[in-house]
Amino acid sequence: MARRTKIYEGKAKTLFEGPEPGTIVQYFKDDATAFNAEKKDVIEGKGVLNNMLSEYFMTGLTNIGVPNHFIKRLNMREQLVKACEIIPLEVIVRNYAAGSMSKRLGIEEGTMLPRPIVEYCYKDDALGDPLVSEEHIAAFGWASQQDMDDILSLALRVNDFLSGVMYGVGIKLVDFKIEIGRVYEGDFQRLIVADEISPDSCRLWDIETGQKLDKDVFRRDLGSLTDAYSEVAKRLGVMPKGATPMKPTLIN
Ligand code: TMP
């Protein structure tokens with residue numbers, strides 16, 4: 001295959017120039033990191049699972065009219081996506097307290113929140129992606145007021161969609177993170193859901209047992225991450241075929 005131009009290498013994905021202008025090939029790596037890459041490992045098969053799961057969620061969003069970057073999956077580890085300018089914010093939606101919110105506010109993990117709460121973190125690894133307010137976002141020009149209205153609406157639509165899909169397979173959507181991209185179409189611009197939606201960027205708990213089926217399994221050393229992600233994929237009917245790196249016992 002012809003050598004491709006690498007555009008960007010992140011912690012879990014690498015981006016290459018796509019075959020057409022305005023497209024990007026997104027390659028899902030097996031690398032797992034946590035705590036701003038203080039904890040690292042290579043988890044065989046994670047990239048394959050996240051590629052398939054992100055395809056599943058983004059396609060579902062397309063089907064209900066939520067604009068996103070996904071064009072098509074190319075192979076087990078790669079998907080073609082629309083090129084966009086990533087807004088430097090991590091947009092977090094929480095339905096139940098967990099993780100940094102529980103720590104910050106002293107709320108027990110698993111407590112249902114009075115309504116979904118949307119938080120913004122400034123995307124900057126060197127700073128550890130600090131929590132910021134809309135005041136910071138406006139003052140520093142990271143996004144306009146119109147952008148913020150659109151981002152909030154996208155985030156809540158993704159939350160309703162994902163909560164419903166996960167509830168249907170016996171999983172509670174505790175919280176998740178999305179990233180938003182800006183695309184230019186002639187004189188117009190619009191915002192779309194970008195990056196990925198996968199168990200790397202969500203908290204997913206089994207409704208019956210409370211078992212964690214997301215990256216907290218890695219962050220907190222709770223067992224096999226591929227077992228957890230495979231369980232999510234299996235329940236959603238997204239189990240990859242011929243995914244060699246996966247443990248045979250998980251393919252059934
Ligand atoms: P937090 O409780 O650690 O702030 O995480 C909130 C949600 O955001 C959780 O679903 C995990 C996800 N997340 C990411 O996708 N990337 C990150 O870098 C962090 C810190 C969290």
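Above this text sits the structure in question.
About the criteria used
Residues numbered from 1 in each chain as written. Predicted model: local features only at pLDDT ≥ 70, side-chain atom pairs only at ≥ 80, totals over all residues. Heavy atoms only, no water. Pairing = 2+ DSSP bridges. Helix = DSSP H or I, 4+ residues; strand = E, 2+ residues; numbered from the N terminus. Axes fitted to C-alpha atoms, helices over the stretch in contact; angles between N-to-C directions. Contact = heavy atoms within 4.5 Å. Buried < 20%, exposed > 50% of the residue type's maximum accessible area, 1.4 Å probe, protein only. Polar contact = N/O pair within 3.5 Å; in protein donor to acceptor, adjacent residues only side chain to side chain. Phe/Tyr/Trp six-rings, centres within 6.5 Å; stacked < 30°, edge-to-face > 60°. Lys NZ or Arg CZ within 6 Å of the ring centre and 35° of its normal. Core = buried A, V, L, I, M, F, W, Y, C linked by side-chain atoms within 4.5 Å.

Q: Looking at this model, I keep getting lost on the sheet that holds strand β1 (residues 6-9). Mind explaining?
A: Hydrogen bonding along the main chain pairs the strands of a sheet, whether they run parallel or antiparallel. In space, the five strands of this open sheet follow the order β1-β2-β3-β7-β6, with antiparallel pairing throughout. Looking at which strands have only one partner, the edges of the open sheet turn out to be β1 and β6 (70-73). For this sheet the average axis-to-axis angle between neighbouring strands, irrespective of direction, equals 25°. Pairing analysis gives three bridges linking β6 to strand β7 (residues 78-82), with the strands arranged antiparallel. Bridge pairing in β7 links Arg73 to Gln79. Sitting on the sheet, helix α1 (residues 46-63) is in contact with β3 (23-28), β6 and β7, with an inclination near 135° to β6.

Q: Would you explain the environment of Ser224 in this entry?
A: Turning to its location among the elements, Ser224 is positioned in the loop between α5 (216-219) and α6 (225-236). The exposure class assigned to Ser224 is partly exposed, which follows from its relative accessible area of 26%. Spatially, the C-alpha atom of Ser224 lies 9.7 Å from that of Leu213, the residues being eleven residues apart in sequence. There is a polar contact of 2.9 Å between the side chain of Ser224 and the backbone nitrogen of Asp227.

Q: How should I be thinking about the packing of aromatic side chains in this particular structure?
A: The relative placement of two aromatic rings is captured by the distance of their centres and the angle of their planes. Counted by the stated rule, this structure contains three aromatic pairs. Between Tyr56 and Phe57 the ring centres are 5.7 Å apart and the planes differ by 75°, which places this aromatic pair in the edge-to-face class. Accessibility expressed as a relative area gives 31% for Tyr56, which makes it partly exposed. Relative accessible area serves as the criterion here: at 2%, Phe57 is assigned to the buried category. Between the aromatic rings of Phe140 and Trp142, the centroid separation amounts to 5.3 Å while the plane-to-plane angle is 35°, which identifies the pairing as tilted. Accessibility expressed as a relative area gives 17% for Trp142, which makes it buried. Taken together, the ring pairs in this structure connect Tyr122, Phe140 and Trp142 into an aromatic cluster. Positioned above the aromatic ring of Phe16 is the side chain of Arg4, whose terminal nitrogen or guanidinium carbon lies 4.2 Å from the ring centre. The ring of Phe218 is capped by Lys39, whose NZ or CZ atom sits 5.0 Å from the centre of that ring.

Q: Sorry if this is basic, but what is going on with the nonpolar core here?
A: What tends to happen in soluble globular proteins is that the nonpolar side chains get buried as a cluster. Grouped together as the largest cluster of nonpolar side chains are 54 residues, with contacts concentrated most on Tyr120, Val158, Leu162, Ile178, Ile180, Val193 and Ile197. Apart from the residues within four sequence positions on either side, Val158 is in contact with Leu61, Val66, Phe176, Ile178, Val193 and Ile197.

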